Amino acid sequence: MKQVAQKPGRIKTLKIDGRDVAGGENQVILDVAREHNIFIPTLCYIEGLSVSGGCRLCLVEITGIPKLVPSCTTRVEEGMEVFTDTERLRKYRMMMLELIFSERNHVCSVCVSNRNCELQSLARRLGMTHVRYPYRYPKLQVDASHNKFAIDHNRCTLCTRCSRICHDIEGAHTWSTMGRGINNRMITDLNQPWGETETCTSCGKCVNICPTGALFEKGKSVAEMVKKPKSLPYLLHTREES
């Protein structure tokens, strides 16, 4: 879903976790919650990029709707009653988080982004102490063909932030996905080695937006792998003005 900058629209009043809040009719629940300092976990969502709604960690409960709904794609409505932190949601989010860890080789102690990883921070904040599901331990490649950067598919969560920033802000369209289900993975230029792509501008935006150690800059130590996702709104504004 393309995130298009637009005015908030008419004001809608609603309740989030019992608090009376207000938001524009064009705003989604996640944005209104954040404006009122209400925490909803996210992994694929990031302000300034188009929305994928893929990680399912931002699901919320709405009175009158049996299923859980993604707060990043659901617009606020008048009289809506939203719950962001229920027992049902805590169990679902923990399951999703553990499945993300177990699907690939997310072992924090040997990761280049240890202590600078959004997935690790999220697990800590949500109280994850172990993974109940067996790790798949897939044998995935590390593409280090680029002269500055590398991608370790073992650390990738398929959040697609890299492809969206490459498309939405840099306009290079280098990154995309290939395959389905457990065989899905990020690729560059129709599955060419990253270092051989003709579209990559080597801007490094994809590396800075990656929430884990999947994309990293060569030659940097663990302590230096600090990323800068909060610079994106400025970059998007700059692109729109140019």
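Residues numbered from 1 in each chain as written. Predicted model: local features only at pLDDT ≥ 70, side-chain atom pairs only at ≥ 80, totals over all residues. Heavy atoms only, no water.

(A) Inspection of helix α3 (residues 118-125) at higher detail. Residues of α3 that are buried: Leu119, Gln120, Leu122 and Ala123. When α3 is viewed along its axis, its buried side chains cluster within an angular range of 160° and face the same direction. Turned more than 90 degrees off the buried face of α3, the exposed positions are Arg124 and Arg125. The inward-facing, buried residues of α3 contact α2 (87-103). Phi turns positive, to about 80°, at Gly127, one or two residues after α3. (Buried < 20%, exposed > 50% of the residue type's maximum accessible area, 1.4 Å probe, protein only. Helix = DSSP H or I, 4+ residues; strand = E, 2+ residues; numbered from the N terminus. Arc of directions from axis to C-beta. Contact = heavy atoms within 4.5 Å.)

(B) Spotlight on the sheet that holds strand β7 (residues 149-152). If you trace the 3 strands from one edge of the open sheet to the other, you get β6-β7-β10, paired in antiparallel fashion. Every other strand in the sheet has two partners, leaving β6 (142-143) and β10 (215-217) as the edge strands with one partner each. Pairing geometry for β6 and β7, over 2 bridges, is antiparallel. Paired with Val142 across the bridge in β7 is Asp152. (Pairing = 2+ DSSP bridges.)

(C) Structural detail: the pattern of salt bridges. Under the definition given, this model contains 9 salt bridges. Note that Arg88 is salt-bridged to Glu61, the shortest N-O span being 3.4 Å. Of the two residues, Arg88 sits in helix α2 while Glu61 sits in strand β3 (residues 59-62), which places them 27 residues apart along the sequence. Note on Arg88: relative accessible area 40%, which makes it partly exposed. Note that Glu87 is salt-bridged to Arg90, the shortest N-O span being 3.2 Å. Here Arg90 and Glu87 lie together in helix α2, a separation of 3 residues that amounts to about one turn. Overall, Arg90 belongs to the partly exposed group, its relative accessible area being 39%. (Salt bridge = Lys/Arg side-chain N within 4 Å of Asp/Glu carboxyl O.)

(D) Structural context of the sheet that holds strand β1 (residues 11-16). Read from one edge of the open sheet, 5 strands run β2-β1-β5-β3-β4, paired in mixed fashion. In this open sheet, the two strands that pair with only one neighbour each are β2 (19-24) and β4 (65-70). Here the average twist between neighbouring strands, direction ignored, is 40°. For β3 and strand β5 (residues 81-83), the ladder comprises 2 bridges, and the chain directions are antiparallel. Each bridged residue has a counterpart across the sheet, and for Glu61 the counterpart in β5 is Phe83. (Axes fitted to C-alpha atoms, helices over the stretch in contact; angles between N-to-C directions.)

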